[in-house]
Amino acid sequence: MQIVLCDDAEHAAREAAKWVQALLVHKAKPVLGLATGSTPIRLYQELIALHQLQQLSFANCTTFNLDEYFDIAATHKQSYRSFMQKHLFNHVDIDQTNTYLPACSQGQNPRLVGLEYEQKIAAAGGIDLQILGIGSNGHIGFNEPTSSLASRTRLKTLTAQTIADNSRLFEPDEVQPTMAMTMGIATIMDARYILLIATGQAKAEAVRQMVCGPVSAYCPASILQMHEHAIVVLDKDAASLISDQQYLKVAEQENQRMIDMYGLQFIAE
Ligand code: GLP
């Protein structure tokens, strides 16, 4: 894992944006994996700002979101489709017909929807860069603890902890979904690059388990230890429980020196 240590959440968003920008600038037809949740919002704001400065175009970009609540209308304000429209798609030059989420309604067969989503990703040439957040229980996408490390896009039942964590985003009288379609862990691992962002003390223990713990289905994010190109962007609070902070700092300085020297365009190769 390449761990990028940042001072705060704004700094983390700027660092993460550099990787996305490198891909979009250097690849003719980039395929971006997107995430929802509060963490990537700052990254999306950075990307919108770069777009407004004419330093970034999404015109040739195809996107695949990690997950979507089960049986929710795209127009529902709590759908992840609405989230993406609000926080990114409505503000950049993306062709919205090239933006995909694993939406599945009650009348559809989730197994077929999952299979079709996998086929769509493959037909687009696979995901170049997958953006990830992390749940306080170590989940990625909605792959909750005990998810198969070999899983593909499918329907998952959310844990009580995830429902409680996300309840802050719902009004008291709003029905909160308890199931979601999500890319599987193997789907995520197929991405050429992974960019995980974690900020805040509430993520520190999950980050510790992801980075220092054993690879285990009980902490789905720990599978990233097995990925060839996993970039983990952390603020001080999220990184606070990782052991050997001194080594991380030295390694990060060296990484930055290499990036300053050679750039990030290799992400598009
Ligand atoms: C959600 C999403 C994840 C996200 C995580 C953390 O439930 N399915 O993709 O990374 O929980 O969200 P937040 O960034 O709001 O802490």
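That block above? That's the structure.
Quick notes on the rules
- Residues numbered from 1 in each chain as written.
- Predicted model: local features only at pLDDT ≥ 70, side-chain atom pairs only at ≥ 80, totals over all residues.
- Heavy atoms only, no water.
- Helix = DSSP H or I, 4+ residues; strand = E, 2+ residues; numbered from the N terminus.
- Buried < 20%, exposed > 50% of the residue type's maximum accessible area, 1.4 Å probe, protein only.
- Polar contact = N/O pair within 3.5 Å; in protein donor to acceptor, adjacent residues only side chain to side chain.
- Contact = heavy atoms within 4.5 Å.
- Core = buried A, V, L, I, M, F, W, Y, C linked by side-chain atoms within 4.5 Å.

Asks: Sorry, what's going on with unusual backbone geometry here?
Replies: Outside of glycine, negative phi angles account for most residues, and trans bonds account for most peptide bonds. Positive phi outside glycine occurs at Asp 71, with the angle close to 55 degrees. Among the structural elements, Asp 71 can be located in the loop between strand 4 (67-69) and helix 3 (80-87). If you check the backbone angles, Thr 146 has positive phi at about 85 degrees while not being a glycine. Here Thr 146 is to be found in the loop between strand 6 (129-132) and strand 7 (154-157).

Asks: Just to check I follow, could you spell out the side chain of Gln 78 for this structure?
Replies: One can find Gln 78 in the loop between strand 4 and helix 3. Note on Gln 78: relative accessible area 12%, which makes it buried. Of note is the side chain of Gln 78, whose polar atom sits 2.8 Å from the backbone oxygen of Leu 169. At 2.9 Å, the side chain of Gln 78 and the side chain of Glu 174 are in polar contact. If near-sequence neighbours (up to four positions away) are discounted, Gln 78 is found in contact with Tyr 69, Ile 72, Leu 169, Phe 170 and Glu 174.

Asks: Please clarify how the nonpolar core should be interpreted in this entry.
Replies: One recurring pattern in soluble globular proteins: nonpolar side chains tend to sit buried together. Judged by nonpolar contacts, the single largest core of 70 residues is most densely connected at Leu 32, Tyr 44, Leu 47, Phe 58, Leu 88 and Met 210. Look past the residues within four positions of Leu 88 in its chain and what remains in contact with it is Leu 34, Tyr 44, Leu 47, Ile 48 and Phe 58. Counting residues in hydrophobic clusters, the runner-up holds 8 residues, among them Ile 72, Leu 158, Phe 170 and Ala 180.

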